[in-house]
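# Overview (structure and organization)
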Amino acid sequence: MKNYLKTVNSDWFNQRITGVIMCIAAVFSVLFIRVFYLQVMEGETYRRLSENNSIRLQSVDAPRGLIFDANRSLLVDNRPSFDLGIILKDAKPLDETVAKLAGYLDIPAEEITAKIKSVKGVPSYKPVFVRRDIGRNAMAAVEVHKYDLPGVTINIRPVRHYINSLHASHLIGYLGEINSDELASKDYAGCRGGDYIGRFGVEKSYENVLRGERGGRQVEVNVRGQVVRVLKTVNAQPGKNLLLTIDEGLQKTAESLLSEKAGAVVAVDPDNGYILAMASNPTFDQNAFVSGLSHDEWNALLSNPDHPMTNKVLQGEYPPASTYKIVTAIAGLEEGVVDENTIFNCPGYYALGNRVFRCWKRGGHGKVDMYRAISESCDVYFYQVGVGVGVDKLAKYAQAFGLGERTKVRLDNESKGLIPTAEWKRKRMGEPWQKGETLTIAIGQGFNLVTPVQMATLVAAIGNGGTLYRPLIVQAIETADGGLVQPGTPYIAGRLNISEKTLALVRKGLWGVVNGKKGTARGSRLKGVEMSGKTGTAQVVGRKEGEELTKAAKEEVAHQFKDHAWFVAYAPSKDPKIAVAVIVEHGEHGSSAAAPIAKAVIQFYLDNKKSEYQAEKSVSYVKIPNNNHQITNNIQ
Amino acid sequence: MMFDRRLVQYFDWGLLGLVILLSGFGLTTLYSAVTAGGASPHHMLYTKQFMWYGVGLVAMIFSFLFSYKTIEKWADVIYVGCNGLLLAVLIFGKLAGGSQRWLLLGPISVQPSEIAKVAVIIILARYYSKYANDRGMSLKGLVTPMAYTLVPFLLIVNQPDLGTAMVIMLIAATMTIFVKIERRTLIGIIVTGMVSVPLVWFFLKGYQQQRIMTFLNPDRDPLGAGYHIIQSKIAIGSGMIGGKGFLKGTQNALSFLPEQHTDFIFSVLAEEWGFIGTTVLLLLFLFLILWGLNIAHGCRDNFGTILSVGVTALIAWQALINISMVMGLMPVVGVPLPFVSYGGSSIVTMMVCIGILLNVSMRRFLFEKG
């Protein structure tokens, strides 16, 4: 009671309340007038519109972005799928309509009726889809008899069409129907049940770019459900187009070289990290995913022992074998364990304590220096470098090359590989590091695991003078009418902090692998241009000596235990335009199984590049005055 | 004091009768909205709404059992607790339809933003009952009430629930204008508002601007809000004078109306009962609002008066916004129609509001002697 109207008297409050009542009266007058207008004055009009529920929405699907190769050759486009639907409210009498439809299309009427019954919760003014992708002929049959088929509609929906199915399947990927979890998530706002979204490859990782924005129409329909007027239209926004970095011709070449084999080829441009080809075999048919795979087809793909659904370039983890000697050599030179004059004797084996480690060349290489050690791949030389450097320092160099980490190429499920350290082994196995294990690590056997894309990035960095580029798969994103949205700017992931001298010596060794008198890949020399590279033969599993197997069993398991063949290379040796990593599973020898593939890929690329290069050069000589030369070269 | 016989003698049966009429009309319409068409999966919502009315009744009785002086004492606790709940929603809340509004408490989910409306009314009523004077509020005096409003406002905007946040802002503004603002402060606020709107607009990103434009003009989105408004207008208009009859609404039956049992329930009512039905409903709301203001008028105590005005403003704003929205007079915001729309939190909040009005009304004699 104490503060009762201490400062405010009740008359004053009365005046405020009167003000509020005035406002309320005004607002309610507006509401009354509006209701009167809608229900009394315009009532007739609205009653008529409500009678047929005549204002309806029609959805317009947005075409998905197209995918091109580096030379603007079309790889993926869209084709129309004609979906047959029935609007139950308009399709009266239903039985008669269904019977007629069945006659025109040669589908049993029971099938249509069953389909209609199975679909629940669709409002009667929306179409129930009886059959999707009925084809042009069936569509024409329905359109001709349109006036005989009330309520029957054909919806045109764009679906994916992979022009070169079976080519670059892993890179491009495929689509799948959206599931309920995805529909609920924010990433797929604007999607509806039944939509297809990227499930693998570029289709998945660039989903947000490729997917367009659905449009629609507000239409007025008559009693038969036919559109009388289009009231409003929201245009569908097509998805954006992707210009990939791969070269279709090179991709096909790489794939044909892998046919009948399980393995992977990846080629990159050493000057920017653009992936020129990415092949993984066996592969799969992307078009089969468009209309949906059957359960059996899907299971067959998953249970194939050669893993067709795995992109081996990114997901395949293999011991690097002798290709790892590039890392060991650099570590040895940089750490001062060896220099260009260091000579080790290779009698064909190296003894550490009471264990003997063999060189692949049983008779031994004799006295070898760094150049011969690389070009002839002498294990004994690198055993000793490895012992001098030690496991942890070796790992440090490997990591600096990006091994043991994802390259962050924009594709899903990339594997990390594995670069072991003493710490890793202690944690993982609870045992201390053995000195002998350093020896096997030094020649790339043992715990080490790398992916082909990591090795391609590494060898490209050696070729370009030490710059590690992140591998790129998309060169540009463009709008449907050709406007550039985003260029695929090269991204430098790191630089090798090693001396010119080291790099030069290693490059000389790699040159010797192909061009030296006793180089391990001498058989794969190119015509007219020099290539540098490194072979590798990765042991699949240590076969236990003395284990007895029946002859039949031996043959059966023989293939599975054959070594993997590696070859990593770049060319031309002086100013490389292409770097390649090849793995052939169970191909046995790098020199015989992998190097010829790399050679053919490089040959194809340089032959095509050379003509391009020369054409541009001749044009510049004819049309552009000499003082512009410098600029022209820079653009190239 | 609690068992004073005069409490019964002064009980506001008229207000209770008005609410019973409104609820009856609401439940009838809801029955139509959830059962018509046969394809509707909402049948059991009707039973649930009855249950919510039961809960609401308990909440209402609880709200007038103790003197509103007790409510004034507990204002801080209610306010802080409510903001705690809002914070909890943002952290542990249940996601539904892209926003986080519900808090799961055992088997039931509650919407703390509804409680926040009442909490803000109570704390502002207490503040203004102490500091309001006939000169009006100065800028300095407005700092605290602004803070009181902004905390829950921002928490609710973040859910995001723009409709509820807007209602809280409007209630706070109504209460503030009711207790009067100094002329120069009022002019200052208006000018600042007019200057800052274009500035804020300038800083918004393109898509945010688009969203606001669509919000203000649903015709820009003919496939979403624009389409809903057209269907709602067809439903209302097609009711004509006498309506299509109970359970005979075709727009409703064919699910042409979005959210026909919550935000767009007025359209169902208008389609089936016509101009006669809408007039009755509007009059019921008008009477309810005037009744609330009359209670404020009859109260002899600052807190009680301002509290009654705040609570009445809440009912009024919700009804006005909802009805204007479905008739295409206002942007589409998710604000339910009091006593009619389906929704537990909304019903319980409305019943608490009625409980508070009853509370103030039945205790007016306590001050008459003074």
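Heads up: these notes are all about the structure in this document. (Residues numbered from 1 in each chain as written. Chains lettered and ligands numbered in written order. Predicted model: local features only at pLDDT ≥ 70, side-chain atom pairs only at ≥ 80, totals over all residues. Heavy atoms only, no water.)

## Some remarks on the overall build of chain A
Condition: Counting from the N terminus, the helices are DSSP H or I runs at least four residues long and the strands are E runs at least two residues long. Note on method: radius of gyration uses C-alpha positions; expected globular size equals 2.2 Å times residues raised to 0.38. Burial classification: accessible surface area is computed with a 1.4 Å probe over protein chains only, and a residue below 20% of its type maximum counts as buried, one above 50% as exposed, and the rest as partly exposed. Charge convention: Lys and Arg are scored as positive, Asp and Glu as negative, and His as well as the terminal groups of each chain are ignored. Each charge is placed at NZ for Lys, CZ for Arg, CG for Asp and CD for Glu.
Check the secondary structure of chain A and you find 24 helices and 23 strands. Relative to its length of 636 residues, chain A is extended, with a C-alpha radius of gyration of 34 Å against a globular reference of 26 Å. Projected onto its principal axes, the C-alpha coordinates of chain A cover approximately 110 × 90 × 70 Å. Looking at chain A as a whole, 48% of its 636 residues qualify as buried. Charged side chains in chain A number 78 positive and 67 negative. The centres of these two groups are separated by 4 Å.

## Focus on the sheet that holds strand E23 (residues 578–584) of chain A
Residue and element names in this part refer to chain A. Keep this limit in mind: Two strands are said to pair when DSSP picks up at least two bridges between them. Interaxial angles span 0 to 180 degrees and are taken between N-to-C directions of axes, which are lines fitted to C-alpha atoms, for helices over the stretch in contact. Here, two residues are considered to be in contact whenever any of their heavy atoms come within 4.5 Å of each other.
Strand order in the open sheet made by the five strands is E12-E11-E23-E22-E21, with antiparallel pairing throughout. Edge positions in the sheet fall to strand E12 (275–281) and strand E21 (532–538), since each of these pairs with one other strand and no more. For this sheet the average axis-to-axis angle between neighbouring strands, irrespective of direction, equals 5°. Strand direction decides the pairing type here: strand E11 (residues 263–268) and E12, joined by six bridges, are antiparallel. Across the sheet, Val266 pairs through a bridge with Met278, a residue of E12. The sheet strands contacting helix H10 (residues 248–258) are E11, E12 and E23, and the helix crosses E12 at an angle near 25°.

## Overview of the pairing of strand E19 (residues 484–487) of chain A
Here is the key point about a regular strand: its side chains alternate between the two faces of the sheet. Residue and element names in this part refer to chain A. In the sheet, strand E18 (residues 474–478) pairs with E19 via three bridges, with the strands oriented antiparallel. Among the inter-strand pairings, Ala476 is bridged to a residue of E19, identified as Pro487. Hairpin connection from E18 to E19: five residues lie between these consecutive antiparallel strands, with Gly482 at a positive phi of about 95°.

## Here's the deal with the interface of chain A and chain B
The figure often quoted for interface size is the accessible area lost as the parts come together. Heads up, the condition is: Buried area: the accessible area, evaluated with a 1.4 Å probe, that two parts lose upon being put together, summed over both parts. Salt bridge, as used here, is a side-chain nitrogen of Lys or Arg placed within 4 Å of a carboxyl oxygen of Asp or Glu. Pairing of N or O atoms within 3.5 Å defines a polar contact, subject to two protein rules: one partner must be a possible hydrogen donor and the other a possible acceptor, and residues neighboring in sequence count only if both atoms are side-chain atoms.
On the chain B side, the residues contacting the 47 residues of chain A number 61 residues. Across the chain A to chain B interface the summed buried area is about 4,900 Å²; carbon plus sulfur atoms make up 71%. Inspection of the region where chain A meets chain B yields zero salt bridges. Scanning the region where chain A abuts chain B turns up 12 residue pairs in polar contact (both at pLDDT 80 or more). Those elements giving two or more residues to the side of chain A that touches chain B turn out to be helix H1 (10–41), helix H2 (43–51), strand E1 (55–60), strand E8 (215–221) and strand E9 (227–234) of chain A. Considering each element in turn, the side of chain A that touches chain B owes the most residues, 20 residues, to H1(A).

## Considering the packing of helix H6 (residues 112–131) of chain B against helix H14 (residues 302–326) of chain B
All names here are of chain B. As a reminder, the rule being used: Less than a right angle of anticlockwise turn of the near helix away from the far helix marks a crossing as left-handed, whereas a clockwise turn marks it as right-handed. When residue character is reported, Ala, Val, Leu, Ile, Met, Phe, Trp, Tyr, Cys and Pro are called nonpolar, Asp, Glu, Lys and Arg charged, and the others, Gly included, polar.
Viewed as axis vectors pointing N to C, H6 and H14 meet at an angle of 145°, and their least axial separation amounts to 8 Å. You can see that H6 and H14 cross each other, and the crossing is right-handed. The residues of H14 that touch H6, namely those facing Lys117, Ile121, Ile122, Ala125, Arg126, Tyr128 and Ser129, are Asn302, Phe303, Ile306, Leu307, Gly310, Val311, Leu314 and Gln318. Residues that form the contact of H6 with H14 fall into these classes: nine nonpolar, four polar and two charged.

## Some thoughts on the sheet that holds E8(A)
Ordered in space as E1-E8-E9 (chain A), the three strands form an open sheet in which the pairing is antiparallel. Sheet topology places E1 and E9 of chain A at the edges, where each strand pairs with a single neighbour. The mean angle between the axes of side-by-side strands here comes to 30°, regardless of whether they run parallel or antiparallel. Here E8(A) runs beside E9(A); their pairing, made up of six bridges, is antiparallel. Bridging across to E9(A), A:Glu220 finds its partner in A:Arg229. Relative to E1(A), helix H11 (residues 225–238) of chain B is tilted by about 160°, and along the sheet it contacts E1 and E8 of chain A.

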